[in-house]
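As a plain string of letters, each chain reads:
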Amino acid sequence: MPSLTVENYLKAILQLELKSGRPRVSTGALATRLAVSPGSVTSMLKTLSESELASYVPYEGVELTTTGRKLAMRMLRRHRLMELFLHSTLNLTWDQVHEEAEELEHAVSEFLIDRIDDFLGHPEADPHGSPIPAADGQMRSDLSDTVGMDVCKAGDSVRFVRVVNQEPDFLRYLSESGFQLGAVGRIVENSEDAGVVRADIEGGQFTVGLEAAQTIRVQPVSK
Ligand SMILES: [Zn+2]
């Protein structure tokens, strides 16, 4: 049985891999993501290599093995299904579910998570629009047709499909502005000088910095 720390490392490596589209992840990126020192990352990566869950090459980075990737996908599946379960059955808001799922993903059994998946009707995405892996480890939806809101131009109509940044304050700001996943809005400003992107949405408007805008994934909508 892998420990909680091992599970968190595998999940973090997978998420960095999915984000960059490259299988090899740097030690520095991993340290930042997990908020730990590069030294402790290095010693953990040696442990993962010895257990054949990842292959770590000093100064080059780390890559998941087939076994490691399977475990990491399982963690992502548990996390995202728990988030959706808490959201749709207990009405927790999208800014509340992440922290709870971080704990529950380690506690829930495979049996229970499969039942939750059945109960929810084999959903494609969690409350943040992130794709949910199926039991076989394949993602149910492919978001390759999305772009970051930071590359949109003023006048573009877009559908908001995913928010990668799960900071509660950020998510609350979006909700309070009237933001809803799946809704269509229009980019009204994208200013590199001011470093902000602004969008009109039904009943309101929201403004985010360029970095935050990268984490809001949209699909262009043709008029
Ligand atoms: Zn989450």
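This one's a predicted model, so the numbers in the text were calculated from it and none came from an experiment. (Residues numbered from 1 in each chain as written. Predicted model: local features only at pLDDT ≥ 70, side-chain atom pairs only at ≥ 80, totals over all residues. Heavy atoms only, no water.)

### Section: the overall build of the protein chain
Just so we agree on the cut-off: The numbering of helices and of strands both runs from the N terminus, where a helix is a DSSP run of H or I of at least 4 residues and a strand a run of E of at least 2. Only the C-alpha atoms count toward the radius of gyration. The rule for a globule is 2.2 Å times the residue count to the power 0.38. Buried means the residue's accessible area, taken with a 1.4 Å probe over protein chains only, is under 20% of the maximum for its type, while exposed means over 50%, and partly exposed covers the values in between. Contact between two residues is taken to exist if any of their heavy atoms lie within 4.5 Å; hydrogens are not considered. When charges are tallied, Lys and Arg are placed among the positive residues and Asp and Glu among the negative ones, while His and the ends of the chain are skipped. A single reference atom marks each charge: NZ on Lys, CZ on Arg, CG on Asp, CD on Glu.
Counting secondary structure elements, the protein chain contains eight helices and eight strands. For 223 residues, the compact-globule estimate of 2.2 N^0.38 gives 17 Å, and the protein chain sits close to it at 18 Å. Going through the 223 residues of the protein chain one by one, you find that 41% of them count as buried. Considering only contacts within the protein chain whose residues lie at least 6 apart along the sequence, 62% involve residues at least 24 apart. Here the protein chain carries 22 positive and 33 negative side-chain charges, and the mean point of each set is 4 Å from the other.

### Observations concerning helix H7 (residues 168-176)
Because an α-helix completes one turn every 3.6 residues, residues spaced three or four positions apart along the sequence face the same direction. Quick note on the threshold: Within this analysis, the arc is defined by the directions that extend from the helix axis to the C-beta atoms.
Looking at H7, one finds that the buried residues are Phe170, Leu171 and Leu174. Along the axis of H7, the buried residues cluster in a sector spanning 95°; they form a single face. Across from the buried face of H7, at angles greater than 90 degrees, the exposed residues are Asp169 and Glu176. Contact partners of the buried residues in H7: strand E4 (157-163), strand E7 (204-209), helix H8 (210-214) and strand E8 (216-220). Positive phi shows up at Gly178, right after H7, with a value of about 100°.

### Comments concerning the packing of aromatic side chains
The condition is simple: In this scheme Phe, Tyr and Trp rings, the latter by its six-membered ring, pair at centre separations within 6.5 Å, and the angle between planes marks the pair as stacked below 30 degrees, edge-to-face above 60, and tilted otherwise.
Here the structure, examined in full by the defined rule, presents five aromatic pairs. Between Trp94 and Phe179, the ring centres sit 5.8 Å apart and the planes meet at 20°, which makes this aromatic pair stacked. Highlighted residues: Trp94 in the loop between helix H4 (66-90) and helix H5 (97-107) and Phe179 in the loop between H7 and strand E5 (184-191), separated in sequence by 85 residues. Considered together, Trp94 and Phe179 belong to a single accessibility category, that of buried residues. The rings of Trp94, Phe160, Phe179 and Phe206 are connected pair by pair, giving a single aromatic cluster.

### Re a negative patch on the surface
Put simply, the rule is: Think of a patch as exposed residues, more than 30% relative accessible area, with no salt bridge, where like charges cluster within 9 Å and nonpolar side chains (Val, Leu, Ile, Met, Phe, Trp, Tyr) cluster within 5 Å. Every accessible area reported is derived by Shrake-Rupley at a probe size of 1.4 Å, with residue values counting cover from the shown protein chains alone. The term salt bridge refers to a side-chain nitrogen of Lys or Arg lying within 4 Å of a carboxyl oxygen of Asp or Glu.
Negative charge collects at one region of the surface, where Glu99, Glu100, Glu103 and Glu167 lie side by side. Tracing the backbone through its elements, the reader meets Glu167 in the loop between E4 and H7.

### Some details on the coordination of the zinc ion
Keep this limit in mind: Coordinating donors are taken to be N, O and S atoms lying within 2.8 Å of the metal, or within 3.2 Å when the metal is Na, K or Ca; because water is excluded from the atom set, some sites may appear incomplete. For a four-donor site, all angles between 85 and 135 degrees give tetrahedral; for four or six donors, opposite pairs above 155 degrees with the remaining angles between 65 and 115 give square planar or octahedral; all remaining cases count as irregular.
Binding of the zinc ion to the protein goes through His79 (NE2), Glu83 (OE), His98 (ND1) and Gln166 (OE1), at separations of 1.9 to 2.5 Å. Geometry at the zinc ion is irregular, judged from the four donor atoms that bind it and their angles of 77 to 164° at the metal. Every donor residue of the zinc ion comes from the same chain, spaced as H-x3-E-x14-H-x67-Q. Here Glu83 is found in helix H4, whereas its partner Gln166 is found in the loop between E4 and H7, with 83 residues between them in sequence. Here Glu83 and Gln166 have matching classes, each one buried.

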